[in-house]
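Residue strings, one per chain:
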Amino acid sequence: MDENDLRFIRAAIDVARRARDSGNHPFGALLVDEQGRILMEAENTVVTQKDCTGHAETNLVRQACRKYDRDFLAKCTIYTSFLYFHFDWFAYRGPRSPHCRWRSTKVPALGEPV
């Protein structure tokens, strides 16, 4: 992990703060292209959308798959404010998954229980 990775993880943590401020669980995710541009971000929406699948990284992958093709996404990296759930990881590794690289924190970024 280098300084750019840390910068993007910090940005994902900022998204997580916004999710918390909106009444959701404090998780955020970013999609970054190979030039280091943030293409999109997503918050956790489990509480406000009343959807148990509204994890930040799930929301991000849904948006990304609608906008970009698989070959483009294979060159991108997903940054999350917390280590993703195994459920999400297996969902993304399926036959239609974008196969993005992942970077995330290993502990709750905002110091809140999961």
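Each remark here, short or long, concerns the structure printed above.
Residues numbered from 1 in each chain as written. Predicted model: local features only at pLDDT ≥ 70, side-chain atom pairs only at ≥ 80, totals over all residues. Heavy atoms only, no water.

Caption draft 1: Representation of the pattern of salt bridges in the model. Under the definition given, this model contains 4 salt bridges. Put simply, Arg17 and Asp14 hold a salt bridge, and the shortest N to O gap is 2.9 Å. Placement of both Arg17 and Asp14 in helix 1 (residues 3-21) is noted, with a separation of 3 residues, approximately one turn of the helix. Among the ionic contacts, a cluster of salt bridges with common partners joins Arg18, Glu41 and Glu43. (Salt bridge = Lys/Arg side-chain N within 4 Å of Asp/Glu carboxyl O. Helix = DSSP H or I, 4+ residues; strand = E, 2+ residues; numbered from the N terminus.)

Caption draft 2: Structural context of the environment of Leu30. Inspection of the secondary structure assignment puts Leu30 in strand 1 (residues 28-32). According to the relative accessible area criterion, Leu30 is buried, its value standing at 0%. Considering only alpha carbons, one finds Leu30 and Thr80, 50 residues apart in sequence, at a separation of 6.5 Å. Sequence-distant contacts of Leu30, defined by excluding residues within four places in its chain, comprise Phe8, Ala11, Ala12, Val15, Ile38, Met40, Glu41, Leu60, Thr77, Ile78 and Tyr79. (Buried < 20%, exposed > 50% of the residue type's maximum accessible area, 1.4 Å probe, protein only. Contact = heavy atoms within 4.5 Å.)

Caption draft 3: Just the packing of aromatic side chains, in detail. Applying the stated rule across the entire model yields 3 aromatic pairs. Between the aromatic rings of Phe8 and Tyr79, the centroid separation amounts to 5.1 Å while the plane-to-plane angle is 45 degrees, which identifies the pairing as tilted. On the criterion of sequence distance, the pair formed by Phe8 in helix 1 and Tyr79 in strand 3 (residues 77-80) is long-range, its members being 71 residues apart. As far as the burial class goes, Phe8 and Tyr79 line up, both buried. Between the aromatic rings of Phe27 and Phe82, the centroid separation amounts to 5.6 Å while the plane-to-plane angle is 50 degrees, which identifies the pairing as tilted. Of the two residues, Phe27 sits in the loop between helix 1 and strand 1 while Phe82 sits in the loop between strand 3 and helix 4 (86-92), which places them 55 residues apart along the sequence. For the pair Phe27 and Phe82, a shared accessibility class is recorded, and that class is buried. Positioned over the ring face of Phe8 is Arg7, at 4.4 Å from the centre of the ring. (Phe/Tyr/Trp six-rings, centres within 6.5 Å; stacked < 30°, edge-to-face > 60°. Lys NZ or Arg CZ within 6 Å of the ring centre and 35° of its normal.)

Caption draft 4: Summary view of helix 1. The end-to-end C-alpha distance of helix 1 is 27 Å, a good match for the 27 Å that 19 residues give at a rise of 1.5 Å each. Listed in full, the buried residues belonging to helix 1 are Asp5, Phe8, Ile9, Ala11, Ala12, Ile13, Val15, Ala16 and Ala19. Structurally, the start of helix 1 carries an N-cap: the backbone nitrogen of Asn4 is 3.0 Å from a side-chain oxygen of Asp2. Backbone geometry just downstream of helix 1 places Gly23 in the positive-phi region, at approximately 100 degrees. (Expected span 1.5 Å × (residues − 1). Polar contact = N/O pair within 3.5 Å; in protein donor to acceptor, adjacent residues only side chain to side chain.)

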